[in-house]
Amino acid sequence: MTEKLQIRGGRVIDPSQGVDEVSDLFVADGVVKALGKAPDGFTPDLLLEAKGCVVTPGFVDLSARLREPGLEHKATIQSESLAAVAGGITTLVIPPDTLPVVDTPAVVQWIFDRAKAQGFVRLHPVGALTRSLKGKDLSEMSALKAAGCRAVSNAHHPVANTLVLRRSLEYAASHDLLVIVRPEDPDLKDGGCAHEGPVSARMGLKGIPYAAETVAVAQVLALIEQTGARVHFAQISSARAMRSIWRAQEKGFKVTADVAIHQLHLTEEALEGFDAAYHLSPPLRTQEDLEALRVAVKDGVIGSVCSDHQPHEPDAKLDAFPATEPGMAGLETLLPLTLALVREGVMTLPRAIQSLTQSPAEVLGLGAGTLAPGSLADITIFDPEREWILQDSTWRSLGGNTPYWGQTLKGRVTRTLLEGRVVFDLNFGEAS
Amino acid sequence: MTAKKDTLQRDPDGKLRHFLTVEGLDRGFLELIMDTADSFASVTEQTVKKVPLLRGKTIVNLFFETSTRTRTTFELAAKRLSADVLNVNIATSATTKGESLLDTIRNIEAMHVDMFVVRHAQSGAAHFIARHVAPHISVINAGDGRHAHPTQAMLDVYTIRKHKGDFHRLKVAIVGDILHSRVARSEIEALKTLGTQEIRVVGPRTLIPAEIQSLGVSVFHDLAEGLQGVDVVIMLRLQRERMNGAFIPSEHEYYASFGLTEARLERAAPDVMVMHPGPINRGVEIDSKVADGERSVILQQVSHGIAIRMAVMSMAMHHEGGGGAA
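Criteria and thresholds
Residues numbered from 1 in each chain as written. Chains lettered and ligands numbered in written order. Predicted model: local features only at pLDDT ≥ 70, side-chain atom pairs only at ≥ 80, totals over all residues. Heavy atoms only, no water. Helix = DSSP H or I, 4+ residues; strand = E, 2+ residues; numbered from the N terminus. Rg over C-alpha atoms; globule rule 2.2 N^0.38 Å. Buried < 20%, exposed > 50% of the residue type's maximum accessible area, 1.4 Å probe, protein only. Contact = heavy atoms within 4.5 Å. Phe/Tyr/Trp six-rings, centres within 6.5 Å; stacked < 30°, edge-to-face > 60°. Lys NZ or Arg CZ within 6 Å of the ring centre and 35° of its normal. Pairing = 2+ DSSP bridges. Axes fitted to C-alpha atoms, helices over the stretch in contact; angles between N-to-C directions. 1 Å grid on protein atoms, 1.4 Å probe; cavity = no way out; pocket = protein on both sides within 12 Å on 5 of 7 lines; lining within 4 Å. Points joined across faces, edges and corners; volume = space filled by probe spheres on them. Nonpolar A, V, L, I, M, F, W, Y, C, P; charged D, E, K, R; others polar. Core = buried A, V, L, I, M, F, W, Y, C linked by side-chain atoms within 4.5 Å. Buried area = accessible area lost by both parts, 1.4 Å probe. Salt bridge = Lys/Arg side-chain N within 4 Å of Asp/Glu carboxyl O. Polar contact = N/O pair within 3.5 Å; in protein donor to acceptor, adjacent residues only side chain to side chain.

Undergrad: So what exactly am I meant to see when it comes to the overall build of chain B here?
TA: Broken down by element type, chain B carries 12 helices and 9 strands. Here the C-alpha atoms of chain B give a radius of gyration of 19 Å, agreeing with the 20 Å that 2.2 N^0.38 yields for 326 residues. Expressed along its principal axes, the backbone C-alpha trace of chain B runs to roughly 55 × 45 × 45 Å. Buried positions account for 57% of the 326 residues belonging to chain B. In chain B, once contacts between residues fewer than 6 apart in sequence are set aside, the share between residues at least 24 apart is 74%.

Here it is in structure tokens:
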């Protein structure tokens, strides 16, 4: 076990400290000790050369489904943890829709134990907002908090009515728990599988209107005024919903939001030909939405970018488009797709890194997402110019459901450290 | 945009491999289908109603949704081409026992068949099957969800061509439940490709898809306005379950607003032709006097269906048509 290490000559970007400089980073006992100048008497046991690479805090992903417990035919904590660190992600926030649902301290503890046994990624299970995610009765939020949950959510499951929504927001607020809301009105969604627009009209796919998202956001915003709840909106897909959130922020509401990285690259046009890889929830929307969401990330209205990782077994996507399961596996494409935004001039590299580190860490009040001296040494080192082909030999997630299969992507993690320990090294176990 | 589809239903030389949708096929290609149908129309009138084009070939009618008209006309078309036909009605069979769509396809494929004629309740099912069948098998879409029903659209434009000749001066109104209609979507594509002057869709807002204008049609919510001066009226069937989904309040109110009567038809051109893909709901979307009247071509549509399906099946089996990309 290495005690002291030096990461030499990389471009260190840590938005939490406003740092962007070519420098050395010094780590000891799993903690960041210094940036730039070595502490007195520091002799590294391990020297990591990072010339030409970018050194950042380990990424924090606000929505990644690992499918365990209960859905191990799709993926496991072990398989997806490997995929995460290969993608530079050291902290995963995992939604409560496992089997069983994360609505008891026992399940929370089980996930923590499992993560500990794997030992190379930090997991933060989100507790269920309602019991069994059924949307009717409140979950035992106090117990979930005591077990280690920092947030509660009903994930993709609807809440029975606005009264239950109000009470669950109030109850979460009284325990100072963040409520993560994936805003989607289930009645307006009405079993739809694509954005309601020109493409769904032509392809005869049942549409999900903008109103499914905007109505849900408006409901929650109206209830925040009454309840004082802290709310984070997850995976915003429409410009209209984003603007409602922006107006609420302007009024001083403490609401935050994230967007799935693929929403910043793909639109409904991708559905042409009925490729089920593009069956996603929320659905891909229009070019106008994509452009507005990109600006919102640049300006910080949407603070965080997440993978919205949803790995599936192959059968889940082998059917007629509407009958397939929505979602894509995204842990390992999060970085290259984010870097593509920087190359396209959408935002600066430091802002892009902030959306993967400081911003999501702050949403949950985590100590992660920073390289400030004294913080845990969760560190990602990546080569922004390195190209790689997404294929069996380079892909770690058990979910092969990515529309980027076979494509050449730019930007590759070379090393990932968790508490100063190298948990991923591209030079080992990489077949390509 | 349609490139993905074209590489699936046409080979690199533009020849037909599968017939999944009208979209992406050019005008010349649609005319070729109709010309081929013309050549088969005479077969139907002979005493021995057979040609040996598909002798020794096995065609499977794979119907995941029940149908009488479409299935029987496909069956007749295949038999008149001398193919062996197997009807598999899955609506009451394997998938209800939990077999996946792909497993069903694999099993029937293993029986060494040459063509699937597929009807399925999900949009995109025919594309999915075409993408996964063995390379020698052709797939003909006989209706997938709300997406497409290309042979119906072709027999409709074929019927229009027989009566009107050219499409350039035609105004066509499609009336009724556009939202749930695969027939309407395919008709719009076919009429557009053939250069129809104006395509209208007419119905209550609840039964018209959002942004349908992007397909190049004009939208009317008033039947009288929508019928003004049109040369062709295509009525769509109103499914009774639409009452439960809060799309319309009652059959009675629907008929009062959108039912086609002799009086309403007065607004159309004097030589207007009335079409309906069937089965018709008398007194719901169409009055019996109109359905059985002299301007109705509803029964001609059915017999044209056989010629069109013979044309499409023989073209797909022999990889014909196109010649050069669209």
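Undergrad: Even after reading the chapter, I still don't get the packing of aromatic side chains, so can you show me in this structure?
TA: We describe a pair of aromatic rings using the distance from one ring centre to the other and the angle between the two ring planes. Scanning the model with the defined rule gives 4 aromatic pairs over all chains in all. Between Phe59 of chain A and Phe382 of chain A, the ring centres sit 6.4 Å apart and the planes meet at 55°, which makes this aromatic pair tilted. Of this pair, Phe59 of chain A sits in strand β6 (residues 59-61) while Phe382 of chain A sits in strand β17 (residues 379-389), and the two are 323 residues apart along the sequence. Residues Phe59 of chain A and Phe382 of chain A agree in their burial class; the two are buried. Considering the side-chain rings of Tyr254 of chain B and Phe258 of chain B, the 5.7 Å spacing of their centres and the 35° angle between planes classify their relative orientation as tilted. Here Tyr254 of chain B and its partner Phe258 of chain B are both found in helix α9 (residues 251-258), 4 residues apart, which amounts to about one turn of the helix. Just above the ring of Tyr210 of chain A sits the side chain of Arg240 of chain A; from NZ or CZ to the centre is 4.1 Å. Sitting over the ring of Trp388 of chain A, Arg412 of chain A keeps its end group 4.1 Å from the ring centre.

Undergrad: When you look at the sheet that holds strand β8 (residues 122-125) of chain A in this model, what are you seeing that I'm missing?
TA: Whether parallel or antiparallel, the strands of a sheet pair through hydrogen bonds between backbone atoms. Residue and element names in this part refer to chain A. With parallel pairing, 3 strands are arranged side by side in an open sheet as β6-β7-β8. A strand with exactly one partner marks an edge of an open sheet, and here the two such strands are β6 and β8. Direction aside, neighbouring strands of the sheet carry axes that sit 15° apart on average. Pairing of β6 with strand β7 (residues 89-94) involves 3 bridges; the strand directions are parallel. Of the residues in β7, the one forming a bridge with Asp61 is Leu92.

Undergrad: Would you take a moment to explain empty space enclosed by the protein for this structure?
TA: The gaps of empty space that remain are located by a probe, the size of a water molecule, rolled over the atoms. Within this structure, the stated rule accounts for 6 cavities of 30 Å³ or more. In this structure, the largest cavity encloses a volume near 140 Å³. Taken together, 16 residues form the lining of the largest cavity, with Ser63, Pro95, Ser153, Ile180 and Ala234 of chain A sitting closest to its centre. Residues of the lining of the largest cavity, tallied by class, amount to 9 nonpolar, 4 polar and 3 charged. Contributing to the lining of the second largest cavity are Arg69, Thr70, Thr73, Gln152, Leu155, His276, Pro277, Gln301, Val302 and Arg309 of chain B. Among the residues forming the lining of the second largest cavity, the class breakdown is 3 nonpolar, 5 polar and 2 charged.

Undergrad: Would you take a moment to explain the nonpolar core for this structure?
TA: One broad trend across soluble globular proteins is that nonpolar side chains are buried collectively. In this structure, Leu92, Val231 and Phe233 of chain A are the most contacted members of the largest nonpolar core, which totals 98 residues. If we ignore the near neighbours within four places in the chain, the residues touching Leu92 of chain A are Asp61, Ala64, Leu66, Ala84, Val121, Arg122, Leu123, His124 and Leu331 of chain A. Ala190, Leu191, Leu194 and Ala307 of chain B belong to the second largest nonpolar core, which has 64 residues in total.

Undergrad: Can you walk me through the sheet that holds strand β9 (residues 273-275) of chain B in this structure?
TA: Residue and element names in this part refer to chain B. Judged by pairing direction, the sheet is parallel, and its 5 strands sit side by side in the order β7-β6-β5-β8-β9 without closing on themselves. The sheet is open, and its two borders are formed by β7 (218-220) and β9, each paired with just one other strand. Pairwise comparison of adjacent strand axes, ignoring direction, gives a mean angle of 20° for this sheet. Looking at chain direction, strand β5 (residues 171-175) and strand β8 (residues 232-235) are connected through 4 bridges and run parallel. When the sheet's bridge partners are listed, Ala173 is paired in β8 with Val233.

Undergrad: Any chance you could explain the interface of chain B and chain A here in plain terms?
TA: At the interface, 23 residues of chain B touch 22 residues of chain A. Taken together, the two surfaces of chain B and chain A that pack against each other cover about 2,000 Å², and 58% of this comes from carbon and sulfur. Remark: the boundary between chain B and chain A carries 1 salt bridge. With a shortest N-O distance of 2.9 Å, Arg202 of chain A and Glu23 of chain B are connected by a salt bridge. Applying the counting criterion to the chain B and chain A interface returns 4 residue pairs in polar contact (both at pLDDT 80 or more). At the level of secondary structure, the elements contributing two or more residues to the side of chain B that touches chain A comprise α1 (3-9), α4 (101-109), α5 (125-132) and α7 (182-193) of chain B. When residues of the side of chain B that touches chain A are assigned to their parent elements, the largest contribution, 5 residues, is made by α5 of chain B. Of the residues that constitute the side of chain B that touches chain A, the class distribution is 8 nonpolar, 7 polar and 8 charged.

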